[in-house]
Amino acid sequence: MPDAVMLFAAGFGTRMGALTADRPKPLIEVAGRALLDHALDLAEAHGPLRKVVNAHYRAEQIEMHLAGRDVAVSIEEPDILDTGGGLRNALPLLGAGPVFTMNSDAVWAGPNPLALLQAAWDPARMEALLMTVPLENALGHGGTGDFTRAPDGRLQRGPGQVYGGIQIIKTDLLADIEAEKFSLNLLWDMMLQRETLFGLPYTGRWCDVGHPGGIPLAESLLAGADV
């Protein structure tokens, strides 16, 4: 079972426009608390995990925000490494074995997604288990979804389920990628070929807070409003 979690907080947050001119997106507040803290709440509620946050854009603000807390910071410099490269760069802090990874620009309302993933994790069949969100439960998301899910849980690219930004993933295949900067999509493509990429539909509701319009939606969701 995973005993560490990687929280992605290094990006430039360009979809947020002026809101990220002077701060990184994970420090934008929703309902009075930073997005990063909402994500850390889920990790801490799940139980004892080694927690690692990566940082690049205005990294000093991320470090200051986390000062004195039991969270390691993986600084990416001089260049940002994207999600796959960032995960590999943080492996000395995360340790061996499968890990949780979390995007910090979403808000969840319902069961703890980390607990649901751990309960469904089958390392004999899976190299990654993604928390997906049915379109009807995804707020602030304008697309048609990222994956289709077979009855046995295996994923393929296509419309239907949104990737919610939380997963359990084995890190072994990272060693086979030569590029320094790359997306986790490259790792998923390798797993799709091996038929080891699985998804678990979320039973609660989820809000994309990667753009300014997601902030009031997320605050209404957290307040229990019918949005």
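Look above for the structure.
Residues numbered from 1 in each chain as written. Predicted model: local features only at pLDDT ≥ 70, side-chain atom pairs only at ≥ 80, totals over all residues. Heavy atoms only, no water.

A.B. asks: Which residues make up the sheet that holds strand S9 (residues 138-139), and what values do they have?
C.D. replies: The mixed open sheet is built from three strands, whose spatial order is S7-S14-S9. In the strand order of this sheet, the two ends are held by strand S7 (106-109) and S9, each with one partner. In this sheet, strand S14 (residues 205-208) lies alongside S7 in antiparallel orientation, the contact comprising four bridges. Following the sheet pairing, Ala109 is matched in S14 by Arg205. (Pairing = 2+ DSSP bridges. Helix = DSSP H or I, 4+ residues; strand = E, 2+ residues; numbered from the N terminus.)

A.B. asks: An account of the packing of aromatic side chains is requested, with residue identities and associated values reported.
C.D. replies: Counted by the stated rule, this structure contains five aromatic pairs. With centroids separated by 5.6 Å and ring planes inclined at 50°, the aromatic side chains of Phe12 and Tyr57 adopt a geometry described as tilted. Of the two residues, Phe12 is situated in the loop between strand S1 (4-8) and strand S2 (29-30) and Tyr57 in the loop between strand S4 (50-55) and helix H2 (59-66); the sequence distance between them amounts to 45 residues. With centroids separated by 6.5 Å and ring planes inclined at 70°, the aromatic side chains of Trp108 and Trp206 adopt a geometry described as edge-to-face. Placement of Trp108 in strand S7 and of Trp206 in strand S14 is noted, with a sequence separation of 98 residues between them. Like Trp108, the residue Trp206 is buried in the burial classification. Aromatic rings pair up to connect Trp108, Tyr202 and Trp206 into one cluster. (Phe/Tyr/Trp six-rings, centres within 6.5 Å; stacked < 30°, edge-to-face > 60°. Buried < 20%, exposed > 50% of the residue type's maximum accessible area, 1.4 Å probe, protein only.)

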